[in-house]
Amino acid sequence: MSIGSGLLAAVLAAASVTTAGVVPAGVVSAGAPSPVTPSGRGVGPVTTSGRWVWPLDPRPEVVRRFDRPDQPWLPGHRGVDLAAPVGRSVLAPADGQVTWTGVVAGRSVVVVSHEGGLRSTFEPVVATVPVGTAVSRGQGVGAVTVTPGHCAPRTCLHWGVLRGETYLDPLSRVGRARVVLLPVA
């Protein structure tokens, strides 16, 4: 685990302690406006058959997939990297609440807590809404910024999803997880 991953894990642990139970079902009021992207289009193109949507519109190229480490302390890729230009709006993939924003190991991070104890983490992202803001699926929460070395020479969004301390494959939330067939014993 890199120093950045360790610091992010510590921040997320602290955020989960202070925000446990913060996001009830139906956190967004029925009168909330329909989400709109920077292009002025609705989030229709990024929706899936599930309850979550892609955090970028249009649907991005996956630059690097999730790679669960064999043990929590071993190397791996605890999220997915999605191609995104600097300034691209980052969207909440599901209803929730912005529970943390700040800088971890030199990277701007935004954390959105969702129903069922799930949290989305986004980096490098500068928040466009304050901590405590209830957000609906597809609503903007930040903008992609530059972090030297991350996805170089390209720019990308790192999207992580956690349940407690366990990282999950974000692509499984939007119906795009890699299927691995195991031998029959």
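Below is a summary of the structure that appears in this document. (Residues numbered from 1 in each chain as written. Predicted model: local features only at pLDDT ≥ 70, side-chain atom pairs only at ≥ 80, totals over all residues. Heavy atoms only, no water.)

## A word on the overall build of the chain
Now for step 1: Helix and strand counts for the chain stand at two helices and eleven strands.
Now for step 2: Beginning at the N terminus, the succession of helices and strands in the chain can be written as α-β-β-β-β-β-β-β-β-β-β-β-α.
Now for step 3: The long-range share in the chain, meaning contacts at least 24 apart out of those at least 6 apart in sequence, stands at 63%.
Now for step 4: Of the roughly 9300 Å² of accessible surface on the chain, a fraction of 57% belongs to carbon and sulfur atoms. (Helix = DSSP H or I, 4+ residues; strand = E, 2+ residues; numbered from the N terminus. Contact = heavy atoms within 4.5 Å. Areas by Shrake-Rupley, 256 points an atom, 1.4 Å probe, with all protein chains shown as cover.)

## A closer look at the side chain of His114
Now for step 1: Among the secondary structure elements, His114 is positioned in strand β5 (residues 107–114).
Now for step 2: A relative accessible area of 4% places His114 in the buried class.
Now for step 3: At a separation of 3.4 Å, a polar atom in the side chain of His114 contacts the main-chain carbonyl oxygen of Ala94.
Now for step 4: Within polar-contact distance, the side chain of His114 engages the backbone oxygen of Asp95 at 3.1 Å. (Buried < 20%, exposed > 50% of the residue type's maximum accessible area, 1.4 Å probe, protein only. Polar contact = N/O pair within 3.5 Å; in protein donor to acceptor, adjacent residues only side chain to side chain.)

## Points about the packing of aromatic side chains
Now for step 1: Overall, the coordinates contain two aromatic pairs when judged by the stated rule.
Now for step 2: On the basis of an interplanar angle of 25° and a centroid distance of 6.4 Å, the ring pair of Trp52 and Trp159 is categorised as stacked. On the criterion of sequence distance, the pair formed by Trp52 in the loop between α1 (3–19) and β1 (62–64) and Trp159 in strand β10 (residues 156–163) is long-range, its members being 107 residues apart. The same class applies to Trp52 and to Trp159, which are both buried.
Now for step 3: Ring geometry for Phe122 against Trp159: centres 6.4 Å apart, planes inclined by 15°, an arrangement best described as stacked. In this pair, Phe122 is assigned in strand β6 (residues 118–123) and Trp159 in strand β10, connecting sequence segments 37 residues apart. Of the two residues, Phe122 and Trp159, both sit in the buried class.
Now for step 4: Grouping aromatic residues by their ring pairs yields a cluster made of Trp52, Phe122 and Trp159.
Now for step 5: A cation over a ring is seen here: Arg173 above Trp52, with NZ or CZ 4.7 Å from the ring centre. (Phe/Tyr/Trp six-rings, centres within 6.5 Å; stacked < 30°, edge-to-face > 60°. Lys NZ or Arg CZ within 6 Å of the ring centre and 35° of its normal.)

## A look at the sheet that holds strand β9 (residues 140–144)
Strand pairs in the sheet, formed through backbone hydrogen bonds, run parallel or antiparallel to each other.
Now for step 1: Read from one edge of the open sheet, three strands run β3-β9-β7, paired in antiparallel fashion. Unpaired on one side and paired on the other, β3 (89–91) and β7 (125–127) mark the two borders of the sheet. Neighbour to neighbour, the strand axes of the sheet diverge by 40° on average, direction disregarded. (Pairing = 2+ DSSP bridges. Axes fitted to C-alpha atoms, helices over the stretch in contact; angles between N-to-C directions.)

## Observations concerning the environment of Gly140
Now for step 1: Position of Gly140 among the secondary structure elements: in strand β9.
Now for step 2: Distance in space between the C-alpha atoms of Gly140 and Val90 is 5.5 Å, their sequence separation being 50 residues.

## Some words on the environment of Phe122
Now for step 1: What makes Phe122 buried here is its relative accessible area of 0%.
Now for step 2: Distance in space between the C-alpha atoms of Phe122 and Val161 is 9.1 Å, their sequence separation being 39 residues.

## A few points about unusual backbone geometry
Now for step 1: A cis geometry characterises the amide bond from Asp57 onward to Pro58, with omega recorded as 5°.
Now for step 2: A cis amide bond links Glu123 to the next residue, Pro124, at an omega of -15°.
Now for step 3: Among the structural elements, Pro124 can be located in the loop between β6 and β7.
Now for step 4: Residues other than glycine seldom take positive phi values, yet Ala105 does so here, at roughly 50°.
Now for step 5: Positionally, Ala105 belongs in the loop between β4 (96–104) and β5.
Now for step 6: By relative accessible area, which is 49% here, Ala105 ends up partly exposed.

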